[in-house]
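# Architecture and fold: a report
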Amino acid sequence: PGWYDSNSVYESVEECCEDAHAACPTGPPTVGPTLAPSWAPTQEKECYTLGGDCTCVVVGGVPGYIGDDYRGFASYGECCASERSGCPSPAPPADATGEPTEPPTPSPSKEPTKLPTDQPSPSPTTSVPTTSPSPAPTPEATGPNGQVYRAYPDLLNGIDDCLFGDDWPAFMGVGNNPEDYLFLSLGDCCVAKGYSEGACAGGSAVNQEAPPAPVGETPAPSRGPTSEPTDPPSKEPTPSPSMEPTDQPTKEPTKPPTPAPSVSPSASPTTRAPTVSPTLSPTPEATGPNGQVYRAYPNVLDGIDECLFGDEWPAFMGVGNNPDDYLFASLAECCAAREYDCTQGGTPAPSPWAGGEFWYSDIHADGNLCVFGDGYPAWMGLPEYRESELFDSKDACCIEHACDEDAVPSNGDVDASVVTFVDEDFEGGDTGGLPWLHGGTPTHYADWNSNSHTAASGTKSLRSGDLNNRRDKSSDLSLTVDSSSGGRVTFNYKASVAWPFESFQVRLDGSLMHMDASPMTEWDDESFGVPPGVHTISFHVVSYADEVDFGRDVDPEQFGDGFAWIDDLEFFPTR
């Protein structure tokens, strides 16, 4: 310390101890804890204060220059409690208890602890069985697909055979379907489905073993260890296609898809079952990804004397009388009208889809149901949806849409206010011909309308109504959609709104999915999923109820002009 003078500073510990008569250590410090308790009691200590701090030493070890008022404390705590001390340093460990400390472990064990074994023990680890079984039986084991093991008919491959496992199609477990499709054994399955003994013998899992034991308590203790765990039976995959016909052919031949529409009508009806219910009007022509009907048209953009087929023909070809000169039902008609040598030049596009009758999901039914006919919505015939929406058999349709036997068909009774597919760019004006429902504060109507002020694509979009800076008002727009397997809604939007004036909100069944309360200079996009069934998608511009003592014109860039726009709205069912 700075207040020490030269008479209190020494070259070595020995000189210090000799001059100050302190109880200094007589040997080097210990390098570790004492391995055994000391044979003599702990020496008594005396504490003193110096410079506001307390120090405890063996009795007789207090330096001689420490006055009587600063020494003689029996413990560190008593020293700190005195008026002479401020005890700035952390308190030392608690005073000695008077008892010798417990010695550490004399030495490590001679042998290392045994490691866990790699293999199970050859005999039971207990000599007696469990004293009492678990109170309830263990639930049935589930397999890798999360379903219980069952025998089920092989509908997917169209074979009169029963399989065993947990990979049965989901629709078999819906409603009353388990009674018709799921069985405890392959024998039960074959008998119930009326498959011949020879056919069922062809299955690879006829003599199936029990499913693997589930993890958890067993209904009752076993009396001995299990020899080896069992694996769930599985049907061996065919290593390669067979070169010979199947020994047990199916009752009906598989109907191959027609690669292209036939030139002449079929000699007999292509289906045996009548349409469930006729449509009220002819099915409209299918449109392609660009939202136009399929037509043959001249390749004028590339300057080539050839005709193409598809829905990507230039928009001007469909205006006024232009379709008479540019759009044709077939490539042959286009080539003849334009006097092209269509045997040369580019490869013509595929032929148009001929449509027809199929099994499809009755989206408007009360429950999941597949029906047969040609009354399906036009979008199901689009190339990107045919595979997931139109089927040659009821079983295939029900596998995809999880049919419910208790579902009630719509029988063509469709609510016109509910849509199943949306692909709208608002270029046609108005609100795209969709069954929108406008709303808002009853005392002030502010409908959404077609607008050409700004657009994400093309020249038009849909804009919210004008609230005229009124407080606690709204401009609302909603659309109801329906799907059997869920879908996804996507749209572009731009909001010129700001707190404390108003906000732009998007909701699904009333739940907030998106919100903006500050002006945007560029368009953005939004997307969210829609569960199966009937749901309402809505767009809102809502003004706040609290009064504002200034106008948005004080800073138009910060507070916007109170409108919101949407464009390129799509609702696509899940594929």
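Residues numbered from 1 in each chain as written. Predicted model: local features only at pLDDT ≥ 70, side-chain atom pairs only at ≥ 80, totals over all residues. Heavy atoms only, no water.

Further remarks concern the sheet that holds strand β9 (residues 390-391). In spatial order, the strands read β8-β7-β9; together these 3 strands make up an open sheet with antiparallel pairing. Two strands bound the open sheet, and with one partner strand each, they are β8 (370-373) and β9. One ladder, built from 4 bridges, connects strand β7 (residues 358-361) with β8; its direction is antiparallel. Paired with Tyr 360 across the two strands is Val 371, which belongs to β8. Where helix α9 (residues 394-401) meets the sheet, its contacts fall on β7, β8 and β9, and the angle it forms with β7 comes to roughly 20°. (Pairing = 2+ DSSP bridges. Helix = DSSP H or I, 4+ residues; strand = E, 2+ residues; numbered from the N terminus. Contact = heavy atoms within 4.5 Å. Axes fitted to C-alpha atoms, helices over the stretch in contact; angles between N-to-C directions.)

Moving on, we come to the pattern of salt bridges. Here the structure, examined in full by the defined rule, presents 3 salt bridges. With a shortest N-O distance of 2.9 Å, Glu 140 and Arg 150 are connected by a salt bridge. Placement of Glu 140 in the loop between α2 (76-80) and β3 (150-153) and of Arg 150 in strand β3 is noted, with a sequence separation of 10 residues between them. Where Arg 552 meets Glu 502, a salt bridge forms, and the shortest distance between an N and an O atom there is 2.5 Å. Of the two residues, Arg 552 sits in the loop between β20 (533-543) and α10 (556-559) while Glu 502 sits in strand β17 (residues 502-508), which places them 50 residues apart along the sequence. For Glu 502, a relative accessible area of 4% corresponds to the buried category. (Salt bridge = Lys/Arg side-chain N within 4 Å of Asp/Glu carboxyl O. Buried < 20%, exposed > 50% of the residue type's maximum accessible area, 1.4 Å probe, protein only.)

With that settled, consider the pairing of β3. The side chains of a regular strand alternate between the sheet's two faces. On β3, burial covers both faces: Arg 150 and Tyr 152 on one face and Ala 151 and Pro 153 on the other are all buried. Across 4 bridges, the pairing between β3 and strand β4 (residues 162-165) is antiparallel. If you follow Arg 150 over to β4, its bridge partner there is Gly 165.

With that settled, the discussion passes to helix α4 (residues 186-193). Along an α-helix, residues three or four apart share an orientation, since each turn contains 3.6 residues. Among the residues of α4, those classed as buried are Leu 186, Cys 189 and Cys 190. Projected onto a plane normal to the axis of α4, the buried residues spread over an arc of 95° and lie on a single side. Following α4 by one or two positions, Gly 194 has its phi on the positive side, about 70°. (Arc of directions from axis to C-beta.)

Looking now at the packing of aromatic side chains. The description of an aromatic ring pair rests on the distance of the ring centres and on the angle between the ring planes. A complete count under the given rule lists 19 aromatic pairs for this structure. Centroid distance Trp 379 to Phe 421: 5.4 Å. Interplanar angle 10°. Geometry classified as stacked. A residue pair is termed long-range when its members are at least 10 positions apart, and Trp 379 in the loop between β8 and α8 (383-389) and Phe 421 in the loop between β10 (418-419) and β11 (422-424) qualify at 42 residues. Using a relative accessible area of 19% as the deciding quantity, one classes Phe 421 as buried. Through successive ring pairs, a cluster of aromatic residues spans Trp 436, Trp 448, Phe 491, Tyr 493, Phe 504 and Phe 539. The ring of Phe 563 has Arg 463 lying over it, and the distance from NZ or CZ to the ring centre is 3.8 Å. Its guanidinium or amino end placed over the ring of Phe 501, Arg 552 lies 4.6 Å from that ring's centre, counting from NZ or CZ. (Phe/Tyr/Trp six-rings, centres within 6.5 Å; stacked < 30°, edge-to-face > 60°. Lys NZ or Arg CZ within 6 Å of the ring centre and 35° of its normal.)

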